[in-house]
Amino acid sequence: MCTVCGCAEGETKIEGHDHGHSHDHGHDHQHDHGHGHSHDHSHDHVHAHDHSHEHSHEHAHDHAHDHEHPRSHDHHDYGTGPAHAHAPGMSQARMVQIEQDILFKNNGYAARNRDWFTENRILALNLVSSPGSGKTTLLTRSIEDLCSEVPIAVIEGDQQTANDAERIRATGVRALQINTGKGCHLDGHMVGHALESLQPEPDSILFIENVGNLVCPASFDLGEAHKVAILSVTEGEDKPLKYPDMFHAADVMLLNKVDLLPYLQFDVGACIANARRVNPRIKVMQVSATTGEGMAQWYQWLRASRQLAAIGQ
């Protein structure tokens, strides 16, 4: 189990790779222009694996096993405390250490991804939302309107199916699907592997459509320039208060499906106030991917952000 968010371990499948990856957040990779990787795998169980990866995906394994079995099984030691989670047979102190290790590792992968994006002047955006917010529709509309002026590539994250990647590819843009299995978010390691196959062009925009979830993706940096939170007016204006970590982490909130406002009881002003209560610096745009309302402002922001990426800012 990932003690950071509580999601279960499972095999991650990335298009273009002939083997799956365990959802353990414990891989150490290095990027060069060919996206070569060397891996150091660590698991919550705890297993440490030393992998050497070449493009042929030959593996050399050096396994060191360290299974911790706490001697004390005092119920007061489990399920309470700073980890805010419960794992049978694992102390709170151990869970906190694992969380810190996972996030520390992830931040290393994200930093390498970010360096590669900067080197290639790529604007990478992490799109996050609840399921059903209209994220994929907004993305396909954006691609159709912008693909003639800027190269675009997409990484799609879902637990199962390649449905969204197929929708993106139907626009003529390259897309790669990551299936996280039981995992509920993308991480820096998964994105780094996806870059091997996708190879976004220099001076392009890379959209990373995260798994539909307003909780877990907030904690995992992917190397993106910005998190963009998509919130549908059908969801309720109190979402930023219910899921404050995500809206605090986001630089932009796209309030989507505004064409439905005449048919809903939704207080736009209250929603924006709630978002700015959590994150005073968040930029809010009201859009409709269906009618095109407000999309010009979104595109203007994308163009300005791409210009900053082109000069390494």
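Cut-offs applied
- Residues numbered from 1 in each chain as written.
- Predicted model: local features only at pLDDT ≥ 70, side-chain atom pairs only at ≥ 80, totals over all residues.
- Heavy atoms only, no water.
- Helix = DSSP H or I, 4+ residues; strand = E, 2+ residues; numbered from the N terminus.
- Buried < 20%, exposed > 50% of the residue type's maximum accessible area, 1.4 Å probe, protein only.
- Contact = heavy atoms within 4.5 Å.
- Areas by Shrake-Rupley, 256 points an atom, 1.4 Å probe, with all protein chains shown as cover.
- Expected span 1.5 Å × (residues − 1).
- Arc of directions from axis to C-beta.
- pLDDT = per-residue confidence, 0-100.
- Core = buried A, V, L, I, M, F, W, Y, C linked by side-chain atoms within 4.5 Å.
- Polar contact = N/O pair within 3.5 Å; in protein donor to acceptor, adjacent residues only side chain to side chain.
- Pairing = 2+ DSSP bridges.
- Right-handed = clockwise from strand over helix to strand, strands pointing away.

Undergrad: A description of the overall build of the chain should follow, citing residues and the corresponding values.
TA: A tally of helices and strands in the chain yields 8 helices and 12 strands. When the 313 residues of the chain are sorted by exposure, 52% land in the buried category. Considering only intrachain contacts with a sequence separation of at least 6, the fraction spanning at least 24 residues in the chain is 65%. Surface summary for the chain: the accessible area is close to 14000 Å², and the carbon and sulfur share equals 49%.

Undergrad: Summarise helix α8 (residues 295-310); cite the residues concerned and give the values.
TA: With 16 residues, α8 extends 22 Å between its outermost C-alpha atoms, agreeing within 8% with the 22 Å of an ideal straight helix rising 1.5 Å per residue. When we look at burial in α8, the residues that qualify are Met295, Trp298, Tyr299, Trp301, Leu302, Ser305 and Ala309. In an axial view of α8, the angular spread of the buried residues amounts to 155 degrees, which keeps them on one side of the axis. Exposed positions of α8 whose direction lies more than 90 degrees from the buried face are Ala296, Gln300 and Gln307. Structurally, α8 contributes buried residues whose contacts are with β6 (123-129), α2 (135-146), β9 (205-209), β10 (226-232), β11 (252-256) and β12 (283-286). With its phi angle positive at about 80 degrees, Gly312 sits one or two positions after the end of α8.

Undergrad: Give a description of the confidence of the model for the chain that names residues and reports values.
TA: Averaged over every residue, the pLDDT of the chain is 80; the share at 70 or more is 71%. Here residues 22-83 is modelled with pLDDT under 50, and outside its nearest four sequence neighbours on either side it reaches 157 contacts, counting other chains as well.

Undergrad: So, the nonpolar core: which residues are in play, and what are the values?
TA: In terms of nonpolar packing, the biggest core is built from 29 residues, with Ile152, Val154, Phe207, Leu254 and Trp298 touching the most fellow members. Sorting the residues of this core by element identifies β6, α2, β7 (152-158), α3 (163-169), β9, β10, β11 and α8 as the ones contributing at least two each. Leaving out residues up to four positions away in the same chain, Phe207 has contacts with Leu125, Leu127, Leu139, Ile152, Ala153, Val154, Ile155, Trp298 and Leu302. With 20 residues, the next largest nonpolar core counts Val128, Val258, Val268 and Val284 among its residues.

Undergrad: Lay out the environment of Thr234 in plain terms, naming residues and giving numbers.
TA: With respect to the helices and strands, the residue Thr234 is situated in the loop between β10 and α5 (239-242). Note on Thr234: relative accessible area 44%, which makes it partly exposed. Between the alpha carbons of Thr234 and Phe266 there is a distance of 7.7 Å; along the sequence they are 32 residues apart. When near neighbours in sequence (up to four residues on either side) are disregarded, Thr234 contacts Lys257, Leu260 and Leu264. Of the polar contacts made by the side chain of Thr234, one reaches the side chain of Ser232; its length is 2.6 Å.

Undergrad: Explain the pairing of strand β8 (residues 174-179) to me, and be specific about the residues and the numbers.
TA: Most of β8 sits out of view: 5 of its 6 residues are buried. Pairing geometry for strand β1 (residues 11-14) and β8, over 2 bridges, is antiparallel. Following the sheet pairing, Lys13 is matched in β8 by Asn179. Across 6 bridges, the pairing between β7 and β8 is parallel. Across the sheet, Ile155 pairs through a bridge with Leu176, a residue of β8. Once the chain exits β7 it traverses α3 before rejoining the sheet at β8, and the crossover so formed is right-handed.

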